[in-house]
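Read off the chains here:
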Amino acid sequence: MPVIMLIIIGAAAGFLATRIMDLRTDVATTVAIGVAGALIGGLLLRFILMLTGLAFGFVGAVVGAVFVIWLWQRYSGRS
């Protein structure tokens, strides 16, 4: 996935994930969370992406970003 596409999908996924998890962050943190989630979700759901296309890539990015937020809240003491 090209880097620009990863940032765009990551930003959207990070925004959605921070709203789902009720976390208020700045734009850079939201994008970073989304990109990390896109990488994690992309790795976990790679076989689904091959079968069904970009829609599941976005779902994987959101799931990954929610997981990153959960880890962040759990281990950093921030909420």
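What counts, and at which threshold
Residues numbered from 1 in each chain as written. Predicted model: local features only at pLDDT ≥ 70, side-chain atom pairs only at ≥ 80, totals over all residues. Heavy atoms only, no water. Helix = DSSP H or I, 4+ residues; strand = E, 2+ residues; numbered from the N terminus. Expected span 1.5 Å × (residues − 1). Buried < 20%, exposed > 50% of the residue type's maximum accessible area, 1.4 Å probe, protein only. Axes fitted to C-alpha atoms, helices over the stretch in contact; angles between N-to-C directions. Parallel < 35°, antiparallel > 145°, perpendicular 65-115°, else oblique. Contact = heavy atoms within 4.5 Å. Nonpolar A, V, L, I, M, F, W, Y, C, P; charged D, E, K, R; others polar.

(A) How the structure looks around helix α1 (residues 3-20). Compared with the 26 Å implied by 1.5 Å per residue over 18 residues, the 25 Å span of α1 between its first and last C-alpha is a close match. Backbone geometry just after α1 places D22 at a positive phi near 55 degrees.

(B) Helix α2 (residues 27-44), seen in detail. Between the first and last C-alpha of α2 there are 25 Å, a value that for 18 residues agrees with the 26 Å anticipated at 1.5 Å per step. If you check which residues of α2 are buried, you get T30, I33, G34, V35, G37, A38 and G41.

(C) Spotlight on the packing of α1 against α2. Two elements in contact, α1 and α2, have axes whose closest approach is 7 Å; the angle formed by their N-to-C orientations is 105 degrees. The orientation of α1 with respect to α2, classified from their angle, is roughly perpendicular. On α2, the residues that touch L6, I7, G10, A11, G14, F15 and T18 of α1 are T30, V31, I33, G34, V35, A38 and L39. Taken together, the residues of the contact of α1 with α2 sort by class into nine nonpolar, five polar and no charged.

(D) Examining unusual backbone geometry more closely. For D22, which is not a glycine, the phi torsion comes out positive at approximately 55 degrees. Note on placement: D22 falls in the loop between α1 and α2. A residue is classified by how much of its surface remains accessible, and D22, at 55% relative accessible area, is exposed.

(E) Region of the structure containing the environment of A11. Along the polypeptide, A11 turns up in helix α1. Residue classification places A11 among the partly exposed positions, given a relative accessible area of 26%. Note: C-alpha distance between A11 and A65 (54 residues apart in sequence) is 9.9 Å. Apart from the residues lying within four places of it in its own chain, the contact partners of A11 are T30 and V31.

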